[in-house]
Amino acid sequence: MMTRDDYEGRGRRGGGRGRRGGWQVADLPPADDAADWFRGRLPDGWFSEIDVRTDREEITVIGTMKDTADGAEAEGRISRFRSETKAERIEIALEAQSRYQRKVSWGVRLGDTEALFTHVAAPVMTRLRQPERQVLDTLVDAGVARSRSDALAWSVRLVGEHADEWLGQLRDAMAEVDKLRGEGPSL
């Protein structure tokens, strides 16, 4: 396992200060180069392109298969790919998990079909006042969600779909702030 000294200076923002988010984010190695690392590490024949998404808990690698197929044929090819590459995907995931200190999840896209093989469902603690709990309970009572947890996840997905542009601008602004912090004086 890497220690703080092992990745000191490897692009940590703020020169030793904590990462964005303050106290709730443990010192993690940066994953800014994860997409490049996976492009270099994955076998050439697997995918025509890859999409790598990272957060504090997980790196999700979704590869687009080179051939074309739809429907049941695509599902069959994805299933075959999953079983044929399992051992090698595990080996690559273990290397990445050691490097980035995050779980690695896999998915494949073929035509219009996308399948996630594994993914992390991370618990999130939140405090809600009665009006917010009533919103969740209404979604549960109406059968939209099975539980408050499902209702909250559904709500977050809905906001994400309808606020994509705004969230993108917010992420860009946070990246700029991190860049400026990194260029600032070190204490």
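Residues numbered from 1 in each chain as written. Predicted model: local features only at pLDDT ≥ 70, side-chain atom pairs only at ≥ 80, totals over all residues. Heavy atoms only, no water.

Overview of the environment of Arg 56
Next, step 1: Structurally, Arg 56 can be placed in the loop between β1 (49-54) and β2 (58-64).
Next, step 2: For Arg 56, a relative accessible area of 44% corresponds to the partly exposed category.
Next, step 3: As for Arg 56 and Gln 101, which are separated by 45 residues in sequence, their C-alpha atoms are 9.1 Å apart. (Helix = DSSP H or I, 4+ residues; strand = E, 2+ residues; numbered from the N terminus. Buried < 20%, exposed > 50% of the residue type's maximum accessible area, 1.4 Å probe, protein only.)

Observations regarding the sheet that holds β1
Next, step 1: Strand order in the open sheet formed by four strands is β1-β2-β3-β4, with mixed pairing between adjacent strands. Each of the sheet's edge strands pairs with one partner strand only, and the pair in question is β1 and β4 (113-116). Strand-to-strand twist of the sheet, defined as the mean angle between neighbouring strand axes without regard to direction, takes the value 20 degrees.
Next, step 2: Examined bridge by bridge, β2 and strand β3 (residues 103-110) share seven bridges and lie parallel to one another. In the sheet register, Thr 60 faces β3, and the bridge partner there is Ser 105.
Next, step 3: Its contacts with the sheet place helix α3 (residues 71-100) against β2, β3 and β4, and it is angled at close to 155 degrees to β3. (Pairing = 2+ DSSP bridges. Axes fitted to C-alpha atoms, helices over the stretch in contact; angles between N-to-C directions. Contact = heavy atoms within 4.5 Å.)

What about unusual backbone geometry?
Next, step 1: Non-glycine residue Gln 101 carries a positive phi angle of around 60 degrees.
Next, step 2: Checked against the element boundaries, Gln 101 lands in the loop between α3 and β3.

Remarks on the packing of aromatic side chains
Next, step 1: Applying the stated rule across the entire model yields seven aromatic pairs.
Next, step 2: Ring geometry for Trp 37 versus Phe 38: centroids 5.0 Å apart, planes at 90 degrees, classification edge-to-face. Each of the two residues, Trp 37 as well as Phe 38, counts as buried.
Next, step 3: Within the aromatic cluster, the residues linked to one another by ring pairs are Trp 37, Phe 38, Trp 46, Phe 47, Phe 81, Tyr 100 and Trp 106. (Phe/Tyr/Trp six-rings, centres within 6.5 Å; stacked < 30°, edge-to-face > 60°.)

Overview of the pairing of β2
Looking along a regular strand, one sees the side chains alternate between the two faces of the sheet.
Next, step 1: In terms of burial, β2 is largely enclosed, as seven of its seven residues are buried.
Next, step 2: What you see with β2 is no split at all: Glu 58, Thr 60, Ile 62 and Thr 64 on one side and Ile 59, Val 61 and Gly 63 on the other are buried throughout.
Next, step 3: Linkage of β1 to β2, two consecutive antiparallel strands, is achieved through a turn of three residues.
Next, step 4: This β-α-β element, β2 to α3 to β3, shows right-handed connectivity. (Right-handed = clockwise from strand over helix to strand, strands pointing away.)

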